[in-house]
2 protein chains.
Amino acid sequence: MTRDAAEVEAGPEAIRAARTSWRRRQIVEAATRLMEEQGFHDMLVSSLAREAGISVGTVYQYVNSKEGILLAVLEDVLDTYASEVPAAMAGLADPVERLAAGFLSYCRVIDAHRMAAVLAYRESHSLGREDLQRVIALEVATTGLLTAELEAGRAAGALRPHDPELVGWNLTMLAHMWALKHRHLGAYLDVDAYGRAQLSAVLCGLVVDAQRERYAALLEGPGSVAGPLAAPESLDGAR
Amino acid sequence: MTRDAAEVEAGPEAIRAARTSWRRRQIVEAATRLMEEQGFHDMLVSSLAREAGISVGTVYQYVNSKEGILLAVLEDVLDTYASEVPAAMAGLADPVERLAAGFLSYCRVIDAHRMAAVLAYRESHSLGREDLQRVIALEVATTGLLTAELEAGRAAGALRPHDPELVGWNLTMLAHMWALKHRHLGAYLDVDAYGRAQLSAVLCGLVVDAQRERYAALLEGPGSVAGPLAAPESLDGAR
DNA sequence: GTTTCAACTGAACCACCGTTCACACGAGGA
DNA sequence: TCCTCGTGTGAACGGTGGTTCAGTTGAAAC
């Protein structure tokens, strides 16, 4: 209800835009909370309005339909992937290090939006054809960030010959898995331990022998999948 | 409508039982077909009846509610996992071979029930608390089949130290991935190629150096992730 | 104080669909 | 032929919930 200084300074259309994005954020956050426990179809628009602290009519002033709410939630999280993952890779030159940083960042974003990640699997089929295509394109784009580094790593001779597309989807899937199987995994792992364990499991089969020492830190994950080299502070205490 | 010889020979309660299972199969198959394209909530009971070639009233004679239809579909596929996977491992003694056979069989069952596997992720939250617990328990049981072999392999010294629970879920997830990401993977891989590529990728990080030669066939997957040893008939032709 | 207008409200509308049930059918028995 | 009963039918009922819109609010302009 109160406007901050920046809005007062700006013109009326800027105020409008600021209010719109503020309202949409209210809606997205409330919807995410409710959908997590109820799913999209069981969430009533009236419940969403109550959860967001606004009226039903106001909801419809900022989204076209109930389906628009779902789209807003999914786009919110997919946009976060698309900005956070490249940010994590920026500044690194080595393809394998870029891959590792990107994947770990992906896992962390998933962790922060765990419910939304699950919703993407549960509910995206409720979207119209066109909106579904947009969601898929955003997901493909994020996977492509990883695939590119796999190809670069192979070209640089650091990674063995492999199918970058398949491995790229594997990494994407393993990141999503943290959300999808959180019931089973979250009980005894945290995101970072999970991400590094999975990364080392994948890289173990990929890094060429000559480079194993160079990437030892990535290969000896906390899950001690790296083999004889590593017997680091084990995770067993956390179980 | 026509009874076969076996039914005529049997008593009336056997005829009843046979008709019940036949009707339920009609319903499950029609529901699977419709849910694949429409999802559970958008599938009308009246559409299901039409698709199955029966009336709405008859549907309700064989299931308690719309939710019961979903449960029947999910139990159908989960029961198939639970019978096919152990069958594939039976007769093998070596833990790594049992693991491989179980995983590949799992992938094949998923392939045959691709739509139902996706439905488990999409719609299982629509089940009641109790039914959901049963579905989860069935999934945990199937993963447990793989976890047990991982532990046996480690105990036998064939596999490096690792977290069998995490790797077990990875294998489960990779099998499900064939259904979840079929849009992207099915375009250039078939199930067997997919299963062997994933299996070799996982085993590469797990098999101890001393045993690599013994399991060479499993390690040099069709994706040629196994490294310098393997340059088998490549899959590139299929792309 | 009055006017104006964008933003907000929520009760009411009505289309939709899960479920029911009164009836139809037909095979076997009397 | 008539009766019985297990099975199947689908129109109709009734609750639900997405969507609308006539009315309210309150801040800014004059």
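Every value quoted in this text rests on a predicted model; they were computed, and no experiment measured them.

Could you give an account of the protein's contact with DNA strand C, with specific residues and numbers?
If you check the shell around DNA strand C, you find 16 residues, and the closest are Arg 23, Thr 58 and Tyr 62 of chain A together with Val 45 and Tyr 60 of chain B. Of everything in DNA strand C that lies within 4 Å of the protein, sugar and phosphate atoms constitute 78%. Side-chain polar atom of Arg 16 of chain A to a phosphate oxygen of DNA strand C: 3.5 Å apart, as the coordinates give it. Going through the elements one at a time, helix 2 (12-42) and helix 4 (56-62) of chain A together with helix 4 (56-62) of chain B are the ones with two or more residues in the surface near DNA strand C. For the surface near DNA strand C, the element with the most residues is helix 4 of chain A, which contributes 4 residues. Grouping the constituent residues of the surface near DNA strand C by class yields 7 nonpolar, 5 polar and 4 charged.

Describe the protein's contact with DNA strand D, naming the residues involved and giving the relevant values.
The full set close to DNA strand D counts 16 residues, and Val 45 and Tyr 60 of chain A together with Arg 23, Thr 58 and Tyr 62 of chain B are the nearest of them. A share of 77% is what sugar and phosphate atoms reach among the atoms of DNA strand D within 4 Å of the protein. The separation between a phosphate oxygen of DNA strand D and a polar side-chain atom of Tyr 60 of chain A is 2.3 Å. In the model, a phosphate oxygen of DNA strand D is placed 2.9 Å from a nitrogen or oxygen of the Thr 58 of chain B side chain. Where the surface near DNA strand D is concerned, the elements lending two or more residues are helix 4 of chain A together with helix 2 (12-42) and helix 4 of chain B. A per-element tally of the surface near DNA strand D places helix 4 of chain B first, with 4 residues. Among the residues forming the surface near DNA strand D, the class breakdown is 7 nonpolar, 5 polar and 4 charged.

Can you tell me about the nonpolar core, naming the residues and giving the values?
Generally speaking, nonpolar side chains in soluble globular proteins are found buried as a group. Ranked by size, the top nonpolar core spans 147 residues in total, and within it Met 35, Leu 48 and Ile 69 of chain A together with Met 35, Leu 48 and Ile 69 of chain B carry the most contacts. The residues touching Leu 48 of chain A, leaving out its near neighbours within four places in the chain, are Ile 27, Ala 30, Ala 31, Leu 34, Met 43, Val 59 and Ile 69 of chain A.

Can you lay out the environment of Ser 47 of chain A for me, pointing to particular residues and giving the numbers?
By the secondary structure assignment, Ser 47 of chain A is in helix 3 (residues 45-52). Sequence separation of Ser 47 of chain A and Ala 30 of chain A is 17 residues, and the distance between their C-alpha atoms is 9.3 Å.

How would you explain the side chain of Glu 139 of chain B if you had to name every residue and give the values?
Inspection of the secondary structure puts Glu 139 of chain B in helix 8 (residues 129-155). Side-chain polar atoms of Glu 139 of chain B contact the side chain of Lys 181 of chain A, separated by 2.7 Å. Once residues within four sequence positions are removed from consideration, Glu 139 of chain B is found in contact with Lys 181 and His 184 of chain A together with Leu 78, Tyr 121, Trp 169 and His 176 of chain B.

Provide a residue-level description of the interface of chain B and chain A, including the pertinent values.
In this complex, chain B contributes 42 residues to the contact, which on the side of chain A involves 42 residues. Roughly 3700 Å² of surface becomes buried between chain B and chain A when both sides are summed, with 59% attributable to carbon and sulfur atoms. The tally of links between chain B and chain A comes to 2 salt bridges. Salt-bridge contacts for Glu 139 of chain B lead to Lys 181 of chain A; the nearest nitrogen and oxygen are separated by 2.7 Å. Taken together, chain B and chain A are joined by 8 residue pairs in polar contact (both at pLDDT 80 or more). When contributions to the side of chain B that touches chain A are tallied by element, the ones reaching two or more residues are helix 2, helix 7 (114-123), helix 8, helix 9 (164-180), helix 10 (182-185) and helix 11 (191-204) of chain B. Among the elements that take part in the side of chain B that touches chain A, helix 9 of chain B stands out by supplying 9 residues, more than any other. For the side of chain B that touches chain A, a count of residues per class yields 19 nonpolar, 13 polar and 10 charged.

Describe the packing of helix 5 (residues 66-89) of chain B against helix 8 of chain B, listing the residues and the values that go with them.
Residue and element names in this part refer to chain B. In the contact formed by helix 5 and helix 8, the axes pass within 10 Å of each other and the chain directions differ by 15°. Of the possible angle classes, the one that applies to helix 5 and helix 8 is roughly parallel. The two elements helix 5 and helix 8 cross, and the hand of that crossing is left-handed. Along its contact with helix 5, which presents Glu 67, Leu 71, Leu 74, Glu 75, Leu 78, Asp 79, Tyr 81, Val 85, Pro 86 and Met 89, the element helix 8 presents Asp 131, Arg 134, Val 135, Leu 138, Glu 139, Thr 142, Leu 145 and Glu 149. Partitioned by chemical class, the residues of the contact of helix 5 with helix 8 number 10 nonpolar, 1 polar and 7 charged.

Give a detailed account of the pattern of salt bridges, specifying residues and quantitative values.
All names here are of chain A. Under the criterion given, the structure shown has 24 salt bridges over all chains. With a closest N to O distance of 2.5 Å, Arg 33 and Glu 51 form a salt bridge. Of this pair, Arg 33 sits in helix 2 while Glu 51 sits in helix 3, and the two are 18 residues apart along the sequence. By relative accessible area, Arg 33 is classed as partly exposed at 40%. A residue is classified by how much of its surface remains accessible, and Glu 51, at 35% relative accessible area, is partly exposed.

An account of the packing of helix 6 (residues 95-112) of chain B against helix 8 of chain B is requested, with residue identities and associated values reported.
Residue and element names in this part refer to chain B. Running from amino to carboxyl end, helix 6 crosses helix 8 at an angle of 160°, the nearest separation of the two axes being 8 Å. Here helix 6 lies roughly antiparallel to helix 8, going by the angle between them. In the packing of helix 6 onto helix 8, the handedness of the crossing is left-handed. Residue-level contacts link Pro 95, Arg 98, Leu 99, Gly 102, Phe 103 and Tyr 106 of helix 6 to Thr 142, Leu 146, Glu 149, Leu 150, Ala 152 and Gly 153 of helix 8. Tallied by class, the residues present in the contact of helix 6 with helix 8 amount to 7 nonpolar, 3 polar and 2 charged.

Explain helix 8 of chain B residue by residue, including any values.
Between its terminal C-alpha atoms helix 8 of chain B stretches 37 Å, which fits the 39 Å expected from 27 residues at 1.5 Å a residue. Considered for burial, the residues of helix 8 of chain B that qualify are Leu 132, Val 135, Ile 136, Glu 139, Thr 142, Thr 143, Leu 146, Thr 147, Glu 149, Leu 150 and Gly 153 of chain B. Buried-residue contacts for helix 8 of chain B involve helix 10 (182-185) of chain A together with helix 5, helix 6, helix 7 and helix 9 of chain B. Just past helix 8 of chain B, the residue Gly 157 of chain B takes up positive phi, approximately 80°.

Quick rundown of the relation of the copies chain B and chain A? Include the residues and the values.
Between chain B and chain A, which share one sequence, the superposing operator has a rotation angle of 180° and an axial displacement of 0.0 Å; the RMSD is 0.1 Å. The superposition operator between the copies reduces to a two-fold rotation axis. By C-alpha distance to the rotation axis, the residue of chain B lying nearest is Arg 122 of chain B, at 2.0 Å. Same-surface contact between copies: 100% of interface residues of chain B are shared with the interface of chain A.

Criteria and thresholds
Residues numbered from 1 in each chain as written. Chains lettered and ligands numbered in written order. Predicted model: local features only at pLDDT ≥ 70, side-chain atom pairs only at ≥ 80, totals over all residues. Heavy atoms only, no water. Near = heavy atom within 4 Å. Polar contact = N/O pair within 3.5 Å; in protein donor to acceptor, adjacent residues only side chain to side chain. Helix = DSSP H or I, 4+ residues; strand = E, 2+ residues; numbered from the N terminus. Nonpolar A, V, L, I, M, F, W, Y, C, P; charged D, E, K, R; others polar. Core = buried A, V, L, I, M, F, W, Y, C linked by side-chain atoms within 4.5 Å. Buried < 20%, exposed > 50% of the residue type's maximum accessible area, 1.4 Å probe, protein only. Contact = heavy atoms within 4.5 Å. Buried area = accessible area lost by both parts, 1.4 Å probe. Salt bridge = Lys/Arg side-chain N within 4 Å of Asp/Glu carboxyl O. Axes fitted to C-alpha atoms, helices over the stretch in contact; angles between N-to-C directions. Parallel < 35°, antiparallel > 145°, perpendicular 65-115°, else oblique. Left-handed = near helix turned anticlockwise from the far one by under 90°. Expected span 1.5 Å × (residues − 1). Least-squares fit on C-alpha atoms with pLDDT ≥ 70 in both.

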